[in-house]
Amino acid sequence: MFILLITLSGCASSDTGFQGEPQTYKPITGSVELSQSILLKTGVAVELELLELSNIESQPALIAKQIIKNPKRLPIQFSLRFDSDDILSYNRYVVRMRTYEGETLIFRGVDDIPVLTQDNPDTVSIRSQSVN
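Only a predicted model underlies this, so the values are computations on that prediction, with no experimental measurement involved.

## A short note on the pairing of strand 4 (residues 28-32)
Phase 1: Extensive coverage of strand 4 is indicated by the burial of four of its five residues.
Phase 2: Two elements, strand 4 and strand 7 (residues 76-80), share five bridges in a ladder whose sense is antiparallel. Its bridge partner being in strand 7, Val32 is matched across the sheet by Ile76.

## What to know about the pairing of strand 5 (residues 44-52)
Phase 1: Most of strand 5 is tucked away: nine of the nine residues are buried.
Phase 2: Side chains of strand 5 alternate between two faces, with Val44, Val46, Leu48, Leu50 and Glu52 and Ala45, Glu47, Glu49 and Leu51 buried alike.
Phase 3: Of the pairings in the sheet, the one linking strand 5 to strand 8 (residues 93-101) comprises nine bridges and is antiparallel in character. From the neighbouring strand, Glu47 faces strand 8, where its bridge partner is Arg98.
Phase 4: With eight bridges connecting them, strand 5 and strand 6 (residues 61-69) associate as antiparallel partners. Pairing of Glu49 across the sheet is with Lys65, part of strand 6.

## A word on the environment of Lys69
Phase 1: Here Lys69 shows up in strand 6.
Phase 2: If sequence neighbours within four positions are ignored, Lys69 has contacts with Val44 and Ala45.

## A short note on the nonpolar core
Phase 1: In this structure, Leu48, Leu50, Phe82 and Leu116 are the most contacted members of the largest nonpolar core, which totals 27 residues.
Phase 2: Here the element with the most residues in this core is strand 5; it accounts for four residues.

## Points about the pattern of salt bridges
Phase 1: Scanning the model with the defined rule gives five salt bridges in all.
Phase 2: Residue Lys41 is joined to Glu101 by a salt bridge in which the shortest nitrogen-to-oxygen separation is 3.6 Å. You can see Lys41 sitting in the loop between strand 4 and strand 5 and its partner Glu101 sitting in strand 8, a full 60 residues away along the chain.
Phase 3: Looking at Lys41, the relative accessible area reads 35%, which means it is partly exposed.
Phase 4: Here Lys65 makes a salt bridge to Glu47, at a shortest N to O gap of 3.4 Å. Of this pair, Lys65 sits in strand 6 while Glu47 sits in strand 5, placing them 18 residues apart in sequence.
Phase 5: According to the relative accessible area criterion, Lys65 is partly exposed, its value standing at 43%.

## Side note on unusual backbone geometry
Negative phi values dominate among residues other than glycine, just as trans dominates among peptide bonds.
Phase 1: Put simply, Leu74 and Pro75 share a cis peptide bond, and its omega is -5 degrees.
Phase 2: As for its placement among the helices and strands, Pro75 is situated in the loop between strand 6 and strand 7.
Phase 3: For Asn70, which is not a glycine, the phi torsion comes out positive at approximately 45 degrees.
Phase 4: Along the chain, the position of Asn70 falls in the loop between strand 6 and strand 7.
Phase 5: For Leu116, which is not glycine, the phi dihedral falls at a positive 70 degrees.
Phase 6: Of note, Leu116 is situated in the loop between strand 10 (113-115) and strand 11 (123-130).

Rules of the game
- Residues numbered from 1 in each chain as written.
- Predicted model: local features only at pLDDT ≥ 70, side-chain atom pairs only at ≥ 80, totals over all residues.
- Heavy atoms only, no water.
- Buried < 20%, exposed > 50% of the residue type's maximum accessible area, 1.4 Å probe, protein only.
- Helix = DSSP H or I, 4+ residues; strand = E, 2+ residues; numbered from the N terminus.
- Pairing = 2+ DSSP bridges.
- Contact = heavy atoms within 4.5 Å.
- Core = buried A, V, L, I, M, F, W, Y, C linked by side-chain atoms within 4.5 Å.
- Salt bridge = Lys/Arg side-chain N within 4 Å of Asp/Glu carboxyl O.

So far we have only geometry, and geometry alone does not tell us how the molecule works.
Now the structure itself:
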């Protein structure tokens, strides 16, 4: 089993929460640690998504997405940019990571990591595992 870590830095764009106070959110930035062997493969893509989880009964809403193709060095740096107006302080947001070789999923996060709202930290690590 392979394990990798992703470190994210999310900071607080603008929104008005229940209290009427404006909030500021900056892009979520971070790095992805993968096995050195991933750099030798062709057709590798690391996919990062910022998702809104406002309704348990519906699919998560995609807020932002970045795909890093054929990474050349580790750790892999990323930045998820989004429209500040899409972020509401009372909703839940997570970052999801998946790594593909061609069309085949080879790594995924063990958990989706909460970010941006509800006192979630600015820096998080995502434990990931091989799906093989």
